[in-house]
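Structural overview for review
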Amino acid sequence: DSIRSITGTVENTAMSPYCGIGWGNQFQGGKWGIGFDLGVGYVGEPDVALTGELEPGIDPSKADRFEDDLELEAKQIQNDMPEIFVVAQLTVTFRF
């Protein structure tokens, strides 16, 4: 078709608060240990950017429509991404 490429980036804040609770027996002696952590984190609303490249010679009205469509798609992706994430971690350790 007339689209050469579409490139996107998604960026979140550098720091995200996290709250969790866990259990583990890594320091109770023995060679094997097990741990579990469950929590939630907040990443906020991401910044989504899409850029595209069209084939040369495309009608300018189609190029404008393409840019508008990219902007709408970026907003849709941004709205679809969760701001809160769930973490479940199981840890198995072996001490030498």
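The structure this text deals with has already been given above.
Residues numbered from 1 in each chain as written. Predicted model: local features only at pLDDT ≥ 70, side-chain atom pairs only at ≥ 80, totals over all residues. Heavy atoms only, no water.

Regarding the pattern of salt bridges
Enumeration according to the criterion identifies 4 salt bridges in this entry. A salt bridge links Glu55 to Arg4; the shortest N-O distance between them is 3.4 Å. With Glu55 in the loop between strand 4 (47-54) and helix 1 (60-80) and Arg4 in strand 1 (residues 3-11), this residue pair connects regions lying 51 residues apart in the sequence. Given a relative accessible area of 47%, Arg4 falls into the partly exposed group. The partner of Glu71 in a salt bridge is Lys75, and the shortest N-O contact between them spans 3.6 Å. Note that Glu71 and Lys75 are positioned in helix 1 at a spacing of 4 residues, about one turn of the helix. Each member of the salt-bridge network shares a partner with another, and the members are Arg4, Glu53 and Glu55. (Salt bridge = Lys/Arg side-chain N within 4 Å of Asp/Glu carboxyl O. Helix = DSSP H or I, 4+ residues; strand = E, 2+ residues; numbered from the N terminus. Buried < 20%, exposed > 50% of the residue type's maximum accessible area, 1.4 Å probe, protein only.)

Re helix 1
Helix length check: helix 1 (21 residues) gives 30 Å between terminal C-alpha atoms against 30 Å at 1.5 Å per residue, within 8%. Regarding helix 1, the residues found buried are Phe66, Leu70, Ala74 and Gln78. Along the axis of helix 1, the buried residues cluster in a sector spanning 110 degrees; they form a single face. Facing away from the buried side of helix 1 by more than 90 degrees, the exposed set consists of Lys62, Asp64, Arg65, Leu72, Asn79 and Asp80. Turning to helix 1, the residues buried within the fold contact strand 1 and strand 4. (Expected span 1.5 Å × (residues − 1). Arc of directions from axis to C-beta. Contact = heavy atoms within 4.5 Å.)

Points about the side chain of Asn25
With respect to the secondary-structure elements, Asn25 resides in the loop between strand 2 (18-24) and strand 3 (32-42). Within the structure, the side chain of Asn25 is placed 2.7 Å from the backbone nitrogen of Ile34, a separation counted as a polar contact. Not counting the four nearest positions on each side in its chain, Asn25 is found in contact with Gly33 and Ile34. (Polar contact = N/O pair within 3.5 Å; in protein donor to acceptor, adjacent residues only side chain to side chain.)

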